[in-house]
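# Structural overview
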Amino acid sequence: MPNRPFKLVGVAGTFDMLHKGHKALLRKAFEVGEHVVIGLTTDEFVARMKKPHEVAPYKERLAELMSFLMEERLLHRAEVVAINDPYGPAAWDGGFEAIVVSEETAPRARELNAIRAREGLKPLELVVIPMVLAEDGKPISTTRIRAGEIDREGRLLKR
């Protein structure tokens, strides 16, 4: 088994229309962590986020995430937890050692570390991955996929 630097790593998201960017984030979490806790936003939290598009229900997003974890043979190293806030269990659980985020969500991870410091917990190591770009050089996002601009692999649909 490869030597992974961290025993417990967190990663979180809405993971709506699981795409190439989400998969890169998840793969990186399993690359650096032996065990990965994946925070999946609840429907209630999604409603408060006021996303510019519809979001699939939690059950559908969870099913797609579990399917990906099974395909990648990562299920035995994963724990999916429902999260109702931007920080999830990493805000109060001292067992977490690192968090994997995209460039876009790195500021939120720094907020998380400030919360952990107030709780007397060690800061998390931040593993920041670059945004995965579509064919046009712009980041792949669920918003763009739902708008019909690109597919889940970042291929352009509108010419």
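Just above sits the structure.
Residues numbered from 1 in each chain as written. Predicted model: local features only at pLDDT ≥ 70, side-chain atom pairs only at ≥ 80, totals over all residues. Heavy atoms only, no water.

Moving on: the pairing of strand S1 (residues 6-13). Looking along a regular strand, one sees side chains alternate from face to face of the sheet. Counting buried positions along S1 yields six of eight residues, so the element is predominantly enclosed. Bridging between S1 and strand S2 (residues 33-41) involves seven bridges; their strand directions are parallel. Across the sheet, the residue bridging to Ala12 is Gly39, located in S2. A crossover connection joins S1 to the parallel S2 through helix H1 (residues 20-32); in handedness this β-α-β unit is right-handed. Two strands pair when backbone bridges link them, and S1 and strand S4 (residues 98-102) are joined in this way by two bridges, in the parallel orientation. What sits directly across from Val9, in S4, is Ala98. (Buried < 20%, exposed > 50% of the residue type's maximum accessible area, 1.4 Å probe, protein only. Helix = DSSP H or I, 4+ residues; strand = E, 2+ residues; numbered from the N terminus. Pairing = 2+ DSSP bridges. Right-handed = clockwise from strand over helix to strand, strands pointing away.)

Despite not being glycine, Lys50 has its phi angle at roughly 50°, a positive value. Structurally, Lys50 can be placed in the loop between helix H2 (43-49) and helix H3 (58-71). Taking relative accessible area as the criterion, Lys50 reaches 68% and is therefore assigned exposed. Phi at Arg73 takes a positive value of approximately 55°, unusual for a residue other than glycine.

You can see Thr41 is positioned in strand S2. Within the structure, Thr41 has its side chain in polar contact with the side chain of Thr14 (distance 3.2 Å). The contacts of Thr41, once residues within four sequence positions are left out, are Gly13, Thr14, Val46, Tyr58, Arg61 and Ile83. (Polar contact = N/O pair within 3.5 Å; in protein donor to acceptor, adjacent residues only side chain to side chain. Contact = heavy atoms within 4.5 Å.)

Formed by 23 residues in total, the largest nonpolar core has its most connected members in Val9, Val11, Leu26, Ile38, Leu69 and Val100. Of all the elements in the fold, those that place two or more residues in this core are S1, H1, S2, H3, S4 and strand S5 (125-129). Once residues within four sequence positions are removed from consideration, Val100 is found in contact with Val9, Gly10, Val11, Leu25, Lys28, Ala29, Val32, Val127 and Ile129. Among the nonpolar cores identified, the runner-up in size contains 14 residues, and Ala91, Ile99, Ala106 and Ala109 belong to it. (Core = buried A, V, L, I, M, F, W, Y, C linked by side-chain atoms within 4.5 Å.)

Read these as spatial facts, not as claims about activity.
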